[in-house]
Amino acid sequence: MTHPTASPRAASPSAAERAYRHLKRAILEQVYPGGLLVSEGEIAEAAGVSRTPVREALLRLEAEGLVALYPKRGALIRPVSAREIADVIEARRLVELHAAERVWPRRAELKADLARWLAEMRRAHAAGDVTALMAADRAFHATVVEAAGNEILAELYHRLRDRQLRMGEATFRLSPGWAEVALTEHAGQLAALDGDDPAAWLDAVGAHIDNAATVLRTLR
């Protein structure tokens, strides 16, 4: 008689990986805001690991441009610069507007997914969960890009994810009224997909990116 093979348990993340995830999440969620200098000891205590894995995590985050390391002092959380905001917004416009144009002929297939993410945004906003709201917001936009069918373009867009999450967290937390605006504008994009005017759809996508840029610049 044969017995079913037990499913292997997923390996627990290493101490360095735990420290990396903890610190990266804290940076993206603005727990550690830009300009803050944190010591290895502080991070180690918060992540529940020793200092050695913290050093490994900090080297990874330095390579990603999220921190600057200062020997014997700690890590400086890099502030988001005006140049970085401008570069990310420009990249978003190039990718998202191109994708929006490409998906128009297949908009019927897209609407259900976007409606689901918009509903998730509304639930998160009602619960006061900024992190979940931001994640659903990013998923809404990524869904459009992925639906365009260009895998290389989608990969390039996903490389912007961490920068967008960090900026988006700041926007939603420091400009509370933006959440209502964003929900209204996402609903407007869905409404445009129900119409027969591709220019209205592209205008809705572009206007939302521009409005987000305006809010980000006011937070500088």
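Note that the structure is a prediction, hence the values are computed from the model and not measured.

## Focus: the side chain of Thr171
Among the structural elements, Thr171 can be located in helix H8 (residues 161-174). With relative accessibility at 4%, the residue Thr171 sits in the buried group. At 2.9 Å, the side chain of Thr171 forms a polar contact with the backbone oxygen of Met167.

## Here we look at empty space enclosed by the protein
Scanning the entire structure with this criterion turns up two cavities of 30 Å³ or more. Roughly 170 Å³ of internal volume is contained in the largest cavity. Lining the largest cavity are 17 residues, and of these Arg92, Met134, Arg138, Gly168 and Ala212 lie nearest its centre. With five residues, H8 is the single largest residue contributor to the lining of the largest cavity. By volume, the second largest cavity is sized at about 30 Å³. Taken together, Glu96, His141, Val144, Gln189 and Val205 make up the lining of the second largest cavity. By residue class, the composition of the lining of the second largest cavity is two nonpolar, two polar and one charged.

## A closer look at the packing of aromatic side chains
Within this structure, the stated rule accounts for zero aromatic pairs. The aromatic ring of Tyr20 is capped on one face by Arg60, whose charged end is 3.6 Å from the ring centroid. Sitting over the ring of Tyr70, Arg73 keeps its end group 5.5 Å from the ring centre.

## What about the side chain of Glu96?
Assignment of secondary structure puts Glu96 in helix H4 (residues 82-103). Reaching out from Glu96, the side chain makes a polar contact with the side chain of His141 at a distance of 3.0 Å. One polar contact links Glu96 to Tyr157, side chain to side chain, over a distance of 2.8 Å. Every residue in contact with Glu96, bar those within four places of it in the chain, is listed here: Arg138, His141, Val145, Tyr157, Gln164, Val205 and Ile209.

## Thoughts on the sheet that holds strand S2 (residues 67-70)
Strand order in this open sheet of three strands is S1-S3-S2, and the pairing throughout is antiparallel. A single partner strand is all that each edge strand has here, and the edge strands are strand S1 (37-38) and S2. Looking at chain direction, S1 and strand S3 (residues 74-77) are connected through two bridges and run antiparallel. The residue of S3 that forms the bridge with Val38 is Ala75. Packing against the sheet, helix H3 (residues 51-63) makes contact with S2 and S3, and its axis sits at approximately 130° to S2.

## Some thoughts on the nonpolar core
Leu114, Val144, Phe172, Leu193 and Trp201 are the most contacted members of the largest nonpolar core, which totals 45 residues. Elements supplying a minimum of two residues to this core: H4, helix H5 (107-127), helix H6 (130-147), helix H7 (151-158), H8, helix H9 (177-194) and helix H10 (198-218). The element best represented in this core is H6, accounting for eight residues. In this structure Leu193 touches Trp104, Arg107, Leu110, Lys111, Leu114 and Trp201, once residues within four positions along its chain are discounted. If you look at the next biggest cluster of nonpolar residues, it comprises 19 residues, including Tyr32, Val49, Leu61 and Ile77.

## A closer look at the pattern of salt bridges
A complete count under the given rule lists 15 salt bridges for this structure. A salt bridge links Glu64 to Lys24, with the nearest nitrogen and oxygen atoms 3.1 Å apart. With Glu64 in the loop between H3 and S2 and Lys24 in helix H1 (residues 15-28), this pair connects stretches of sequence that are 40 residues apart. Overall, the relative accessible area of 32% leaves Glu64 in the partly exposed class. Among the salt bridges present, the one from Asp113 reaches Arg116, with a minimum N-O distance of 3.7 Å. Of this pair, Asp113 and Arg116 both sit in helix H5, separated by three residues, roughly a single helical turn. A single salt-bridge network, built from bridges that share partners, covers Lys24, Glu64, Arg161 and Asp162.

The rules behind each value
Residues numbered from 1 in each chain as written. Predicted model: local features only at pLDDT ≥ 70, side-chain atom pairs only at ≥ 80, totals over all residues. Heavy atoms only, no water. Helix = DSSP H or I, 4+ residues; strand = E, 2+ residues; numbered from the N terminus. Buried < 20%, exposed > 50% of the residue type's maximum accessible area, 1.4 Å probe, protein only. Polar contact = N/O pair within 3.5 Å; in protein donor to acceptor, adjacent residues only side chain to side chain. 1 Å grid on protein atoms, 1.4 Å probe; cavity = no way out; pocket = protein on both sides within 12 Å on 5 of 7 lines; lining within 4 Å. Points joined across faces, edges and corners; volume = space filled by probe spheres on them. Nonpolar A, V, L, I, M, F, W, Y, C, P; charged D, E, K, R; others polar. Phe/Tyr/Trp six-rings, centres within 6.5 Å; stacked < 30°, edge-to-face > 60°. Lys NZ or Arg CZ within 6 Å of the ring centre and 35° of its normal. Contact = heavy atoms within 4.5 Å. Pairing = 2+ DSSP bridges. Axes fitted to C-alpha atoms, helices over the stretch in contact; angles between N-to-C directions. Core = buried A, V, L, I, M, F, W, Y, C linked by side-chain atoms within 4.5 Å. Salt bridge = Lys/Arg side-chain N within 4 Å of Asp/Glu carboxyl O.

Note that all results are geometric; they support no functional claim without further evidence.
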